[in-house]
Structures are given as C-alpha cells and as structure tokens.
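# Residue-level structural notes
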2 protein chains.
Amino acid sequence: MAQGVGGASKKDQKSVRADAPAAAPEGGIRRENLRRILTAAEQVFAEQGYGGATTAAIALRAGLPKANVHYYFSTKHDLYRAVLADILKQWLDPLAHVTPDSDPAQALAGYIRAKMRATRDRPVVSKVFASEIIHGAAEIEGFLTSDLKKLVDEKSAVLDGWIAEGRMAPVDTRHFFFFIWAVTQHYADFDAQVRAVLGRKKLTRRDFDAITVEVVRFILRGAGLSLPTA
Amino acid sequence: MAQGVGGASKKDQKSVRADAPAAAPEGGIRRENLRRILTAAEQVFAEQGYGGATTAAIALRAGLPKANVHYYFSTKHDLYRAVLADILKQWLDPLAHVTPDSDPAQALAGYIRAKMRATRDRPVVSKVFASEIIHGAAEIEGFLTSDLKKLVDEKSAVLDGWIAEGRMAPVDTRHFFFFIWAVTQHYADFDAQVRAVLGRKKLTRRDFDAITVEVVRFILRGAGLSLPTA
DNA sequence: GTCTATACATAGATAGAC
DNA sequence: GTCTATCTATGTATAGAC
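Just so it is clear, the structure is predicted and the values come from calculations on it, not from any experiment.

Moving on: the protein's contact with DNA strand C. Around DNA strand C, the surrounding shell holds 21 residues, and the nearest of these are Thr55 and Lys76 of chain A together with Ala67, Asn68 and Tyr72 of chain B. Within 4 Å of the protein, the atoms of DNA strand C are drawn from sugar and phosphate moieties in a proportion of 69%. Interatomic distance of 3.4 Å between a side-chain N/O atom of histidine 70 of chain A and a phosphate oxygen of DNA strand C. Within the side chain of asparagine 33 of chain B, one N or O atom sits 3.1 Å away from a phosphate oxygen of DNA strand C. Within the residue set of the surface near DNA strand C, elements represented by two or more residues are helix 3 (55-62) and helix 4 (66-72) of chain A together with helix 2 (28-52) and helix 4 (66-72) of chain B. Looking at which element gives the most residues to the surface near DNA strand C, the answer is helix 4 of chain B, with four residues. Counted by class, the surface near DNA strand C contains twelve nonpolar, six polar and three charged residues.

Bringing the interface of chain B and chain A into the picture now. One widely used convention gives an interface's size as the accessible area the parts lose upon coming together. Listed as interface residues are 55 residues of chain B and, on the opposing side, 55 residues of chain A. Between chain B and chain A, the buried area comes to about 4500 Å², and carbon and sulfur atoms account for 71% of it. In this structure, the connection of chain B to chain A is made through zero salt bridges. For the pair chain B and chain A, the number of links is ten residue pairs in polar contact (both at pLDDT 80 or more). Listed by contribution, the elements that provide at least two residues to the side of chain B that touches chain A are helix 2, helix 7 (123-134), helix 8 (141-164), helix 9 (173-189), helix 10 (191-198) and helix 11 (205-222) of chain B. Looking at the side of chain B that touches chain A, the element that brings in the most residues is helix 9 of chain B, giving twelve residues. Here the side of chain B that touches chain A is built from residues that sort into 31 nonpolar, 15 polar and nine charged.

Bringing the UniProt feature "DNA-binding region" (unreviewed entry) in chain A into the picture now. This chain's UniProt record puts "DNA-binding region" (unreviewed entry) on residues 54-73 of chain A. The distance separating the terminal C-alpha atoms of residues 54-73 of chain A is 13 Å; by composition the span is 75% helix and 0% strand.

Turning our eyes to something else, we now look at the packing of aromatic side chains. Counted by the stated rule, this structure contains 21 aromatic pairs over all chains. Arranged with centres 5.1 Å apart and planes meeting at 75°, the rings of tyrosine 71 of chain A and tyrosine 72 of chain A form a pair that is edge-to-face. Between the aromatic rings of phenylalanine 218 of chain A and phenylalanine 218 of chain B, the centroid separation amounts to 5.6 Å while the plane-to-plane angle is 75°, which identifies the pairing as edge-to-face. Taken together, the residues phenylalanine 218 of chain A in helix 11 (residues 205-222) and phenylalanine 218 of chain B in helix 11 connect one chain to another. Exposure class is identical for phenylalanine 218 of chain A and phenylalanine 218 of chain B. Each is buried. Feature note: the residues Phe176, Phe179 and Phe218 of chain A together with Phe176, Phe179 and Phe218 of chain B constitute an aromatic cluster, connected by ring pairs. Directly above the aromatic system of tyrosine 50 of chain A lies the positively charged group of lysine 76 of chain A, at a separation of 4.7 Å from the ring centroid. Directly above the aromatic system of tryptophan 91 of chain A lies the positively charged group of lysine 115 of chain A, at a separation of 4.1 Å from the ring centroid.

Cut-offs and rules
- Residues numbered from 1 in each chain as written.
- Chains lettered and ligands numbered in written order.
- Predicted model: local features only at pLDDT ≥ 70, side-chain atom pairs only at ≥ 80, totals over all residues.
- Heavy atoms only, no water.
- Near = heavy atom within 4 Å.
- Polar contact = N/O pair within 3.5 Å; in protein donor to acceptor, adjacent residues only side chain to side chain.
- Helix = DSSP H or I, 4+ residues; strand = E, 2+ residues; numbered from the N terminus.
- Nonpolar A, V, L, I, M, F, W, Y, C, P; charged D, E, K, R; others polar.
- Contact = heavy atoms within 4.5 Å.
- Buried area = accessible area lost by both parts, 1.4 Å probe.
- Salt bridge = Lys/Arg side-chain N within 4 Å of Asp/Glu carboxyl O.
- UniProt positions renumbered as here; feature names shortened; annotations may be inferred.
- Phe/Tyr/Trp six-rings, centres within 6.5 Å; stacked < 30°, edge-to-face > 60°.
- Buried < 20%, exposed > 50% of the residue type's maximum accessible area, 1.4 Å probe, protein only.
- Lys NZ or Arg CZ within 6 Å of the ring centre and 35° of its normal.

The structure is reproduced here in structure tokens:
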C-alpha cells in the first residue's frame, strides 16, 4: 500500500525533476519557492498536525498566494509526503557513528550527541515525524519496515558484538535504540512539557548542552558504560 | 490564559454536573451516552489528531447521530477539553509509589511498571496526551505549569533526598523523570515504529511483560540501582 | 431527550487572465 | 510561471419536528 515516501510516483515527477519547462533566469525561483513552501509546511504541520494544517496557512507563512502552493504541489497530501521525504533523508545519518571497531562509549556518546543536536536545531522536524508515527505512520510505513528496520538490524548486530566481547552490559540492543530515541526526541517533541515542569520560558543553547551531558551519562550508565572523565 | 482543563468554566457546567434537568428513568442514558462519546472521541483524536478529527467520525464510532454529540458537547473544542480532563485525572496517580521512606529501587520499579501498564492498557490516552503536547499544549498548559510541575517538584525532592543519603546515583532528578516518561510512553506513542522495527504485527501481553523488565532494568541501572534478583 | 434537515463557514482545489 | 476569482466538498453547528 504505502510505497514509501522516497519512491517517486508519477505525480511526484513534476515537482522533483530539476529542468523546469520555462525556468526563471538564474533558474533559482523554482528552487527558492520550493524551499519556502517546504519550510513553511514543516512548521505548520508541526504546529497543527496534518489534519489541522491548511494550505492557506502554509501559503501565508511561505509568503505566497495559495494557488502558488498548489502549483508546486497539486494536493496537500503531496506536500505532506514531500515534507516527510525531506525529513527521512536526515534521519538515519547520525547512526554512522556506530561501527564494530569503534569504542562503545565514544561511539554511542557521539550518536546521542548528534541526536540531541538535531533535537535542538530542528525540533520542528522531530515533531512532524513524531506526529506522523503517533497517528499511525501510514505514509512512512514503508520507510520504517524497510530502511529503518534494516539499519537497526545492522547496528544492533554491532552492539550485540560488543556485548559478546564483554565491552558493554547485556541489553536488548533493539530496545536500547528505542530508549535512545525516546529520551533524545523527548526534548524536541515534549518541549512544552519540559519547559513547564522546569519553569522555563525557553531552553537556551547552554541548557541543551547541560541536558546533553545528563542524557549521555544516563544512557551510557544504562548500558554499563561510562566516559573517561576528561 | 489557558485556565486549565480541570477548572469548570461556565460553559462546562452543563456537561459536568450530575443532576441533569429531565434525566432518564434510571438516569443511565446520559451517563452511558457521555461515556460512548468520550471513548469514541478519545480514539478518533488519537488517530486523526484534533484537527483531523471530525464530529461526524466521532458520532459514527459512538453509534449516535452527529447532532446528539453536539447536544452533549456544544463544540468540538469542548469535547476535546473533556477528553483531556478525563485523561489528566489518571496521569498523576502512579507517582504515589514514590515516597521518602520507600526503597528507591522498589519504588521506582513500581512507578515504571505502573506507567508501562498504562501504556499497554490505554495507549490511546497516551497518544492524545502526546499529540496535545507536541502541538503546543495550549489546552493543558495550566495543568503542566501547576499540577504537574508541583508534583514533579515534590517527587524530585524525594529523589534528591535519596541521593543525599547515597541511596542512588547523583542524577538530575527532574530530568530523570523526563527519562522515565520518555521511555515508557514511547511504547504507546511510537508503537507503529516499534512494531515496524521489530517486525511484529502486534505486541502481545507477553511482549509487554518482557519489555517492561528491560525498561525497568535500564532505567534503574541509569540511576545506579538494581533490583534483587529474586 | 433524540434526531432529520439544513444553515453557514471554510477547506482544498482549479480556471483562466496576466 | 504567477495569482485573482471561484467552484465544490466538507465540516461545524443549529433549528425545529418528534
């Protein structure tokens, strides 16, 4: 059914190929407008959810007339899929830190820090992703069951190797990844709750640094690891 | 601004007070219909989000005509607030386990298990709550900044006491609660992702028991604790 | 207290001039 | 490639018969 967001369906081609029919002088208008629309859509979807988002609101935030949005993305649904595709591209990268020959504590700390950076710098992305999964993940089912599953299988095998060698505590490695995701993304997705409980209006860069240290320490200890106190 | 979902505004009174004007014979019709509507609404809000949910869909699932839903809740927004109020009542209870004189490992394990039970038995509740927070928590801001903050302040003081006595590792206790929430609720909110990565169609009761053991062990270890291997 | 029929607003999407 | 005007569908909410 859901054939994955990445796959280019017939309807996608129009908005994906680079050689637009009668492109603008420097050819930048199309690119620029697409970026504006995608960024605006990302924010509106994060704030309102898919159902609550309106093309009018997206157009307004993008600074374009509504019909212009429909020119680039014929349906709201197409636009949503484009936003998700944009997001998924950057979702898997941070796991590159985790390789068999790396030091467990250092590699995992690197991964967790990368995730926390993403949480800090692109909270909106995390929220759209979270919202999609909470409401059933109909659009990204393909991504989850193929790309993501494959990557987790691969990386949890790496961790299983470490465990077999006695380099970290015996944990269920797949669930260990869930724990990492849960904790790191919590600070993006549930930031309203975090701020309310901490009594803070806004979390600063410095806050995030402190939180990251705490998160890294907690998760590593959960895996029977610790960083050298440099 | 948001005066909290629990507070009874003028508009709420109609749907909250027990003595309905011309109640049914056994007085059960109103109660029954309210239950049906709230349960249906909970599910539809969880699946579609607030914006995506329609009163027609809620009425359909409740097995009532649309106008009947509007009879009990004059607006969709009122109904949403009622669903949230219903949820918040049961949100704080499990923390009762955590008291100064209890054993840290046992008390925290009890709390985590209670949260995992809630995750298993009422995933829909967790999803509505999560969705609300992700999209800014406008409706429950009051609850978060008063009731929840107060409770967390109180309970984190308990943990700080344990830490001072050397009964658990020195962690930032507020963030420690965030870690617990993040991990436990992950299995309700992100179940689509969990199932996809594990390659399972459905998580059974037995799965949840196993996951709970893993979660308890992980979090306790993160706090420098462990359960006696009974 | 229930429910059919309907009013009214707004959404997504498109036609067609520029 | 852009954008005003507009069509159509759908959603929320209500009037009023039962």
